[in-house]
Amino acid sequence: MTEDEFDAFYATAFPRLTGQLSAFTGDHGEAQDVVQEAFVRAWDRRQHFLSNSAPEAWIRTVAMRLAVSRWRRARRWLELVRRTPPPDSTPGPGPERTALVAALRELPQAQRMAIVLHYLCDLSVEQVASETGAPVGTVKARLSRGRAELAKRLAGDETDGPVDEADGPVRKESRRVR
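### Examining the overall build of the protein
Within the protein, the regular secondary structure consists of seven helices and two strands. When the 178 residues of the protein are sorted by exposure, 24% land in the buried category. In the protein, the share of contacts with a sequence separation of at least 24, taken over all contacts with a separation of at least 6, comes to 53%. When the accessible surface of the protein is split by element, carbon and sulfur atoms take 52% of a total near 13,100 Å².

Here is the structure:
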């Protein structure tokens, strides 16, 4: 069978086979899928099909076998799902995890990213630097500052000293002596 003959055969046989398989499977979409798969398999064998050798019967047989295989696979999957019930309940995050996430949200974005990549994703300092595009020294500084800030926030102490109501914590300025 030439390509043109196969195309003409496909155009006439596909709707008929889909209707037949739809009655067999009870699902029009499933019928289209298995008939299409059967035609794909037939395409590779189109040189062996002769006009008088009933290629439609071959495709129908393949499509029906595919439908039965899919049905068996679905039935096995359903039996497996029924045998293994879902867990009673999935526990939510504990208070420590909630506090950590809340404290991480308060960090500057660069420090937060460095902390998460290094400690939660287990990347090395060099890998974090590569991923963020920052120098290794900058990543180390962000990790150090981020750890210090997290320690303060998780300990419940958010200030270093007296608080100015308008500006937040009062910080001591360092002055260089000349």
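From this point on, the discussion continues.
### Overview of the packing of helix 1 (residues 3–25) against helix 3 (residues 55–83)
Remark: helix 1 packs on helix 3, axes separated minimally by 10 Å, with the N-to-C direction vectors making an angle of 40°. The handedness of the crossing between helix 1 and helix 3 comes out as right-handed. Along its contact with helix 1, which presents Phe9, Ala13, Arg16, Leu17, Gln20, Leu21, Phe24 and Thr25, the element helix 3 presents Pro55, Glu56, Ile59, Arg60, Ala63, Met64, Ala67 and Val68. Here the contact of helix 1 with helix 3 is built from residues that sort into 11 nonpolar, two polar and three charged.

### Points about the side chain of Ser22
Within the secondary structure, Ser22 sits in helix 1. Judged by its relative accessible area of 18%, Ser22 is buried. Not counting residues up to four positions away in its chain, the partners in contact with Ser22 are Asp27, His28 and Ala31.

### Some words on the environment of Val139
Inspection of the secondary structure puts Val139 in helix 7 (residues 136–155). Relative accessible area serves as the criterion here: at 1%, Val139 is assigned to the buried category. Taking the C-alpha atoms as reference points, Val139 and Glu126, 13 residues apart in sequence, are found 8.4 Å from one another. When sequence neighbours within four positions are dropped, the list of residues in contact with Val139 reads Val125, Val128, Ala129, Thr132 and Ala134.

### Let's talk about unusual backbone geometry
For Asp122, which is not glycine, the phi dihedral falls at a positive 60°. Tracing the backbone shows Asp122 in the loop between helix 5 (109–120) and helix 6 (125–132). A relative accessible area of 63% places Asp122 in the exposed class.

### Side note on the pattern of salt bridges
Where charged atoms from two side chains of opposite charge come close, those side chains can pair. Across all of its chains, the model carries nine salt bridges by this definition. With a closest N to O distance of 3.3 Å, Glu30 and Arg70 form a salt bridge. Within this pair, whereas Glu30 is found in helix 2 (residues 28–44), its partner Arg70 is found in helix 3, the two being separated by 40 residues in sequence. Residue classification places Glu30 among the partly exposed positions, given a relative accessible area of 22%. Through salt bridges with shared partners, one network takes in Glu106, Glu149, Lys152 and Arg153.

### Quick look at the side chain of Glu56
Among the structural elements, Glu56 can be located in helix 3. Since its relative accessible area comes to 16%, Glu56 is described here as buried. Excluding residues within four positions of it along the chain, Glu56 makes contact with Phe9, Ala13, Arg16, Leu17 and Gln20.

Parameters and conventions
Residues numbered from 1 in each chain as written. Predicted model: local features only at pLDDT ≥ 70, side-chain atom pairs only at ≥ 80, totals over all residues. Heavy atoms only, no water. Helix = DSSP H or I, 4+ residues; strand = E, 2+ residues; numbered from the N terminus. Buried < 20%, exposed > 50% of the residue type's maximum accessible area, 1.4 Å probe, protein only. Contact = heavy atoms within 4.5 Å. Areas by Shrake-Rupley, 256 points an atom, 1.4 Å probe, with all protein chains shown as cover. Axes fitted to C-alpha atoms, helices over the stretch in contact; angles between N-to-C directions. Left-handed = near helix turned anticlockwise from the far one by under 90°. Nonpolar A, V, L, I, M, F, W, Y, C, P; charged D, E, K, R; others polar. Salt bridge = Lys/Arg side-chain N within 4 Å of Asp/Glu carboxyl O.

All we've got here are geometric facts, nothing functional implied.
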